[in-house]
Amino acid sequence: MSRDVVQPNGWVALRLPNENLRVLQVTPNTTISLGKYGSFPSNLLIERPFHLTYEVQEKRAGENFSRLRVVPSAELNADILDETNLNEQTDGEAAVVAGEGEQLALVDESGKVVARSNREIIDDSARQTLTAEEIEELKHKGASAGKELIAKLMLSHTAIDQKTSYSLAKYKLLKERKFLRRFSVLPLDVVLLGQWLLEDRDGGKVLDMRQEMMGLLGCWADVHFGGEPVQGVSEPHGGRWLVVDDTGGLLVAAMAERMGLLYHEPGKQAASESQGGSEEQAETVVKPNGVNGIPDQQIPSRAPEAQRTPQKRPRRDDLDEHYALTNTITLIHSNSQPNLSVLRYFDYDASDPNPTHPFHPLFTNLLPISWLQLVSAAEDVVYSEKPEDVTPEQLASWKPNRRGNYHRKRRRWARTNEIVQSTRAGGFSGLAVASTMDPISILREALPLLAGGSPIAIYSPTIEPLEQLVDCFSIGRRATWTSSPPAKAEGKTQSELDRWEGTREFPINPTLVLGAAVQSSRARRWQVLPGRTHPFMTGRGGAEGFLFTGWRAIPAQGRITARGKFQKKRVDGA
């Protein structure tokens, strides 16, 4: 799927004048409502490029819909260009002329005034001569989609000449956000989706994980493209990451984006369609009455769902390998099925075990496994009960429904068996966690699955669980363990010590992680106006968010001794 233009039934992010985001699915032949900013037909966005700014226009005579106007960049940057031209013209002159009886706040070394005092408080509502009824009348008349209204509001302000350049810029920006009916269409990515879920939805469902923490998780876990599979190798190899995600799939989406698994590749999509059997066929036609009453615009006409002919998946044996061997994400979850509701915004349905071809990249590279299957696979019914083999003659004698159930059960068992075997084999390249579970219990089961030197990154909304985890791997505990190990650990092999159940003094083997630390980061928003920039003093509350980082260590076997001749260097003056 191309990410250069808006696709039918695709998800997009609309940035409104008040800087809020709205995430929606562009369904053909429907109406998109932006509240007080107006509504328009969804077909006006389909097959149009991203990153354009549109303006909702007033309805024309005889039409029951609003059209969209593409706002050119020159109009968007008019204020900046005017400010630049003004500075060039007034170079060497006073930036602000002091009025009669006005106090001056800032002057330069030569005595020229560069800013007025802001001590006088201007009451906008008292000095605005336009009444609320007149403003509503102008809004209903259209007023060129808000521009004329804003101009009249500024001209009718009796104290507009007393405002400083900063105050005037703020006043104009405030009115533009309130009355100007413009919006920008952006491609939906993980950063925008995370911001929308955090600010406009229930942030607790994503553990209040901000953009900075998502970036740090990916960096400290060293998530990247794991490489193509090696020819002739049938065992899992290359980049494979282990993840525990309680954010509804937001962490999985962030990792998949880094690994190149979140979106359909346009090249592969075009290749599959050129082989005769595209998933969706469309043609551009001009209808007599148009779509949504638009007679003079070409609208992509989509075939109904029943008439589409998706390409069938090649038939193969039920017990064949279902998943990729490298560049995979193994997700450990608590329920019978993982909660990956966030991935639906990227056209991936985790609840569909048999999607149509071409597959989403996550279908073969995302391996879900439950804690029960990881810790005690024999107690899991799906893994332990393998369907019996049936001869082709006996299978042909069954009814279609019974044959279908038989094949589905065999494929489900084959998928589960493949995931359990590959996960228990270990050798993962890194671990990323965003969960409310006890991080000590998570590492007790996940650390033995990591390769030596693999990075570990654990996110928590609060710092207390991570402080306890860091203390488990402190230098003092590691030194005590090395010099005088606990009685319960004596006589055990290294493999047994890796999975040691722990005691009160040593909740987990302290020699398995090096460089344990806790950190946090929060980016501050800045206000940027012509000639004036400062950080916002207020922001969203909620959990701050903290990150545990470390590296998987494999303790050396036997006693370590230093060999060689060492000569103490003489220090001058000693």
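A quick note: this is a predicted structure, and the numbers were derived from the prediction, not measured.

Novice: So what exactly am I meant to see when it comes to the nonpolar core here?
Specialist: Side chains of nonpolar character tend, in soluble globular proteins, to be buried together. The biggest cluster of nonpolar side chains holds 48 residues, and the ones touching the most others in it are M209, L343 and L366. A per-element tally of this core places helix α9 (residues 250-259) first, with 8 residues. Setting aside anything within four residues of it in sequence, one finds L343 in contact with G249, V252, A253, L262, Y348, L362 and L366. Among the nonpolar cores identified, the runner-up in size contains 33 residues, and Y323, I369, F428 and L431 belong to it.

Novice: Quick question: what am I supposed to make of the side chain of R182 here?
Specialist: Relative to the assigned elements, R182 resides in strand β9 (residues 182-187). Side chain to side chain, R182 and E55 meet in a polar contact 3.1 Å long.

Novice: What is the right way to look at helix α7 (residues 190-199) in this model?
Specialist: Residues lying three or four places apart along an α-helix face the same way, a consequence of the helix completing one turn every 3.6 residues. Counted residue by residue, α7 has 8 buried out of 10 residues, so it is predominantly covered. When we look at burial in α7, the residues that qualify are V190, L192, L193, G194, Q195, W196, L197 and L198. Looking at the buried positions of α7, the neighbouring elements they touch are β1 (10-15), β2 (21-26), β9, α8 (211-220) and α9.

Novice: I'm lost on the sheet that holds strand β6 (residues 68-70) in this one. Help?
Specialist: Pairing within the open sheet is antiparallel, and its 5 strands lie in the order β2-β1-β9-β5-β6. Looking at strand neighbours, the two that pair on one side only are β2 and β6, the edges of this open sheet. Put simply, the sheet's adjacent strands are angled 35 degrees from each other on average, direction ignored. Each of β1, β2 and β9 touches α7; the most contacted strand, β2, lies at about 115 degrees to it.

Novice: What am I meant to see in the environment of D347 here?
Specialist: By the secondary structure assignment, D347 is in the loop between β13 (328-333) and α11 (361-365). Looking at D347, the relative accessible area reads 34%, which means it is partly exposed. The spatial distance from the C-alpha of D347 to the C-alpha of L262 is 9.0 Å, given a sequence separation of 85 residues.

Novice: Quick question: what am I supposed to make of the packing of aromatic side chains here?
Specialist: A ring pair, where both rings are aromatic, is described by two values, the distance of the centres and the angle of the planes. All chains considered together, the criterion is met by 11 aromatic pairs. Between the aromatic rings of W11 and Y345, the centroid separation amounts to 4.6 Å while the plane-to-plane angle is 75 degrees, which identifies the pairing as edge-to-face. Residue W11 is found in strand β1, and its partner Y345 is found in the loop between β13 and α11; the two are separated by 334 residues along the sequence. For the pair formed by W11 and Y345, the shared burial category is buried. Relative to F506, the ring of W481 lies with its centre 5.4 Å away and its plane at 80 degrees, an arrangement referred to as edge-to-face. Of this pair, W481 sits in helix α18 (residues 475-483) while F506 sits in the loop between α19 (494-498) and β17 (513-519), and the two are 25 residues apart along the sequence. Given a relative accessible area of 2%, F506 falls into the buried group. Grouped by ring-pair contacts, the aromatic residues W11, W196 and Y345 constitute a single cluster. R240 extends its terminal NZ or CZ atom over the ring of F428, reaching a point 4.2 Å from the ring centre. Sitting over the ring of Y345, R344 keeps its end group 4.4 Å from the ring centre.

Calculation rules
- Residues numbered from 1 in each chain as written.
- Predicted model: local features only at pLDDT ≥ 70, side-chain atom pairs only at ≥ 80, totals over all residues.
- Heavy atoms only, no water.
- Core = buried A, V, L, I, M, F, W, Y, C linked by side-chain atoms within 4.5 Å.
- Buried < 20%, exposed > 50% of the residue type's maximum accessible area, 1.4 Å probe, protein only.
- Helix = DSSP H or I, 4+ residues; strand = E, 2+ residues; numbered from the N terminus.
- Contact = heavy atoms within 4.5 Å.
- Polar contact = N/O pair within 3.5 Å; in protein donor to acceptor, adjacent residues only side chain to side chain.
- Pairing = 2+ DSSP bridges.
- Axes fitted to C-alpha atoms, helices over the stretch in contact; angles between N-to-C directions.
- Phe/Tyr/Trp six-rings, centres within 6.5 Å; stacked < 30°, edge-to-face > 60°.
- Lys NZ or Arg CZ within 6 Å of the ring centre and 35° of its normal.

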